[in-house]
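Here's the letter readout for the chains.
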Amino acid sequence: MAANATPPNADAQTGGPLHVAIVMDGNGRWAKKRGLPRTLGHRAGVEALKRTVSAAPKLGSGWLTVFGFSTENWSRPAAEVSELMALPKRFFESDLGRLEREGVRVRVLGRRQGLSADLLRMLDEAEARTRHNDHFNLNIAFNYGGQADIADAARRFAEDVAAGRRRPEDMAEAMFASHLATSGSPPPDLIVRPSGEQRLSNFLLWEAAYSEFVFQDVLWPDYGEDHLRAALQVFAGRDRRYGAVTADDVLAAG
Ligand code: IPE
Ligand code: MG
């Protein structure tokens, strides 16, 4: 089968570097199992992110997009929201230098409104210091929602039309995609969700059109290289057809 003949970490169709997207989930349950406050689950989740970012390029992936904070997470208790808001700082304070040296380009996806000036400065710095890197790409979805991003993209296009820069007939799939926060990133080949939940939760709605999904029974703070390798092995066995049929099927049909 073609999918099995392809290196496990390259896309079967394009042979290009794999884009893995992860819904980092299960921090709260991890903490609860240990009788710890949820905040400590989130801090342990940052350690899992560090392990996973280090593992991904070794396993042949070229892009990693992680869901850090969703537009719906604002509805959590204020103390938990403020802990979640502090996570990027925790991550970058310890790891930005390493990411910079190791050729990782960081991009932040999501709405900027609602984020503190301090946090925005940190996110801007991470993007600016790594913008010339091209060994590996790390997208951090923060204050991100797929529906919000689609609405924002539609609004930007409408503004272009109102200003006379675009005509309604310019709208097509590629034009729309170029207005999304993920513009410049390939669509995710594989979307992974640990913690046992099997839903997309407003992550990459447009981009997930032909993504493969792998759900893993591990809580995010326990995640690491072995789990990512296992997810990539499952992915390698998938037969991606993008709505078409395989060459074998065409031959068989005569
Ligand atoms: C993921 O862990 C962190 C974010 C959603 C920001 P959760 O906090 O959702 O953990 P559970 O689902 O309660 O275990
Ligand atoms: Mg959750």
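First things first, this report covers the structure right here in the doc. Worth saying up front: this structure is predicted, and the values here are computed from it rather than measured.

Conventions we followed
- Residues numbered from 1 in each chain as written.
- Chains lettered and ligands numbered in written order.
- Predicted model: local features only at pLDDT ≥ 70, side-chain atom pairs only at ≥ 80, totals over all residues.
- Heavy atoms only, no water.
- Near = heavy atom within 4 Å.
- Polar contact = N/O pair within 3.5 Å; in protein donor to acceptor, adjacent residues only side chain to side chain.
- Helix = DSSP H or I, 4+ residues; strand = E, 2+ residues; numbered from the N terminus.
- Nonpolar A, V, L, I, M, F, W, Y, C, P; charged D, E, K, R; others polar.
- Pairing = 2+ DSSP bridges.
- Axes fitted to C-alpha atoms, helices over the stretch in contact; angles between N-to-C directions.

### Points about the site of ligand 1
Neighbouring ligand 1 are 13 residues, the closest being D25, G28, R29, R38 and R76. At a separation of 2.9 Å, an oxygen atom of ligand 1 approaches a polar backbone atom of G28. R29 is positioned with one of its side-chain polar atoms (N or O) 2.7 Å from an oxygen atom of ligand 1. Sorting the residues of the shell around ligand 1 by element identifies α2 (27-33), α3 (38-58) and α4 (78-101) as the ones contributing at least two each. By residue class, the composition of the shell around ligand 1 is 2 nonpolar, 6 polar and 5 charged.

### Some points on the sheet that holds strand β3 (residues 104-109)
The parallel open sheet is built from 6 strands, whose spatial order is β3-β4-β2-β1-β5-β6. Looking at the sheet topology across the chains shown, the edges are occupied by β3 and β6 (212-216). Across the sheet, the mean angle from the axis of one strand to that of its neighbour is 20 degrees, orientation sign disregarded. Bridging between strand β1 (residues 18-23) and strand β2 (residues 61-70) involves 6 bridges; their strand directions are parallel. Bridged to V23 within β2 is F67.

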